[in-house]
Amino acid sequence: MVAQLETQSINSTVSLPYPVEGLVQVFTSSHRNFFTSVMAQSLRIAGQGTAVLIVQFLKGGIRQGQDRPIQLGQNLDWIRCDLPRCIDTPHLDDTENQALQKLWQYTQQVVCESKYSLVVLDELSLAINFGLIPETEVLAFLAKRPPHVDIILTGPEMPKSLLDVADQITEIRRSYRP
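A brief look at the structure comes next. Note that the structure is predicted; figures quoted are calculated from it, not measured. (Residues numbered from 1 in each chain as written. Predicted model: local features only at pLDDT ≥ 70, side-chain atom pairs only at ≥ 80, totals over all residues. Heavy atoms only, no water.)

1. Overview of helix 4 (residues 135–144)
What counts here: Per-residue accessibility, obtained with a 1.4 Å probe over protein chains only, is compared with the maximum for each type, and a residue is labelled buried under 20%, exposed over 50%, and partly exposed between these values. The helix and strand labels rest on DSSP assignments: H or I over at least four residues marks a helix, E over at least two residues marks a strand, and numbering proceeds from the N terminus. Regarding the arc, it is the one traced by the directions from the helix axis to the C-beta atoms. Only heavy atoms enter the contact rule, under which two residues are in contact if any of them lie within 4.5 Å.
Listing the buried residues of helix 4 in full gives Val138, Phe141 and Leu142. The arc that holds the buried residues of helix 4, viewed along the axis, is 95°, so those residues lie on one side. Along helix 4, the residues that are exposed and aim more than 90 degrees away from the buried face are Thr136, Ala143 and Lys144. Where helix 4 is buried, its residues meet strand 1 (24–28), helix 2 (94–112), strand 5 (118–122), helix 3 (124–129), strand 6 (150–154) and helix 5 (160–165).

2. Quick look at the environment of Ala166
Positionally, Ala166 belongs in the loop between helix 5 and strand 7 (168–171). Sequence-wise, Ala166 and Leu142 are 24 residues apart; in three dimensions their C-alpha atoms are separated by 9.7 Å. Setting aside anything within four residues of it in sequence, one finds Ala166 in contact with Val24 and Val26.

3. A word on the packing of helix 2 against helix 4
Think of two packed helices as two axes; the pair is described by the angle between the axes and how far apart they sit. Test applied: For helices, the axis comes from a line fit to the C-alpha atoms of the stretch in contact; other axes are also lines fit to C-alpha atoms, and the angle between any two N-to-C directions lies between 0 and 180 degrees. Note that the term roughly parallel is reserved for angles under 35 degrees, roughly antiparallel for angles over 145, roughly perpendicular for angles of 65 to 115, and oblique for everything else. Helix crossings fall into two classes, left-handed where the near helix is turned counterclockwise from the far one by less than a right angle and right-handed where it is turned clockwise. In the scheme used here, Gly and all other residues not listed as nonpolar or charged are polar, with Ala, Val, Leu, Ile, Met, Phe, Trp, Tyr, Cys and Pro taken as nonpolar and Asp, Glu, Lys and Arg as charged.
Where helix 2 meets helix 4, the closest approach of the two axes is 10 Å, and the angle between their N-to-C directions is 15°. Accordingly, the angle class assigned to the pair helix 2 and helix 4 is roughly parallel. Crossing handedness for the pair helix 2 and helix 4: left-handed. Contact residues: helix 2 offers Trp104, Gln105, Thr107, Gln108, Val111 and Cys112, while helix 4 offers Glu137, Val138, Phe141 and Lys144. Across the contact of helix 2 with helix 4, the residue classes break down as five nonpolar, three polar and two charged.

4. Regarding the nonpolar core
Applicable threshold: Here, nonpolar core means buried Ala, Val, Leu, Ile, Met, Phe, Trp, Tyr and Cys residues that are tied together by side-chain atoms lying within 4.5 Å of each other.
With 35 residues, the main nonpolar core has Phe57, Leu121 and Leu153 as its most contacted residues. Of all the secondary-structure elements, those providing two or more residues to this core are strand 1, strand 2 (52–56), helix 2, strand 5, helix 3, helix 4 and strand 6. Broken down by element, this core gets its largest block of residues, six residues, from helix 2. Beyond its immediate chain neighbours, meaning those up to four positions away, Phe57 contacts Cys81, Ile87, Leu100, Leu103, Trp104, Thr107, Leu121, Asp122, Leu124 and Ile133.

5. A word on the pattern of salt bridges
Where charged atoms of side chains with opposite charge meet at close range, the side chains can pair. Where we set the bar: A pairing counts as a salt bridge when a side-chain nitrogen of Lys or Arg comes within 4 Å of a carboxyl oxygen of Asp or Glu.
Overall, the coordinates contain one salt bridge when judged by the stated rule. In this structure, the salt-bridge partner of Lys160 is Asp164, at a minimum N-O distance of 3.0 Å. Of this pair, Lys160 and Asp164 both sit in helix 5, four residues apart, roughly one helical turn. On the accessibility criterion, Lys160 (58% relative accessible area) is exposed.

6. What about the side chain of Ser42?
In this structure, Ser42 sits in helix 1 (residues 35–47). Residues within four places of Ser42 in sequence aside, it is in contact with Val52, Ile54, Leu76, Leu118 and Val120.

7. As for the environment of Ala143
Among the structural elements, Ala143 can be located in helix 4. Considered as a pair, Ala143 and Val165 are 22 residues apart in the sequence and their alpha carbons are 9.0 Å apart.

8. Side note on the pairing of strand 2
For the record, the criterion: Strands qualify as paired when DSSP identifies two bridges or more between them.
Across the five residues that make up strand 2, a large majority, five, are buried. With burial as the criterion, each face of strand 2 is covered, one bearing Val52, Ile54 and Gln56 and the other bearing Leu53 and Val55. Bridge analysis of strand 2 against strand 4 (residues 76–80) gives five bridges, and the strand direction is parallel. The residue bridging Leu53 from the neighbouring strand is Asp77, located in strand 4. Where strand 2 and strand 5 come together, five bridges link them in parallel fashion. In the strand pairing of strand 5, Val55 is matched with Leu121.

Remember that the coordinates give geometry; whether it matters functionally is a separate question.
Pasting the structure below:
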């Protein structure tokens, strides 16, 4: 039998002797094989009653835009770019670029509204490196987010400016054994 514990909401009136600061975490690897670790962390946190948003900027193909999130449990929303394909090139047509920009604007809006306590921005480094989302906008977004919101950035070749503002950097490497 599973017992439900009553958890305090983010708008709780409990006052702590110290401010709770959200972290910026970076998960990076030259191999695209680490999303499972980030997803496991997100599911664990959502299962504890915390609102989580996973945003996959370069994934498409399954009509999972911000208007149709997949909901995993009560506390985890998972959205993708509302495109018929995955983005693997910096060359987008106008419709694709508009869909990506709409997703980026939506993400910034819901974070500023404190709708989620953990937000995963998957493959953000690729979107930046492709020139699809300006690095300066991401830095401004991180600086103005509500102080309690945790952000996880993922992707290969994370820009140095984002590594410099990160509280934690996890670099995942393959282990070669003879």
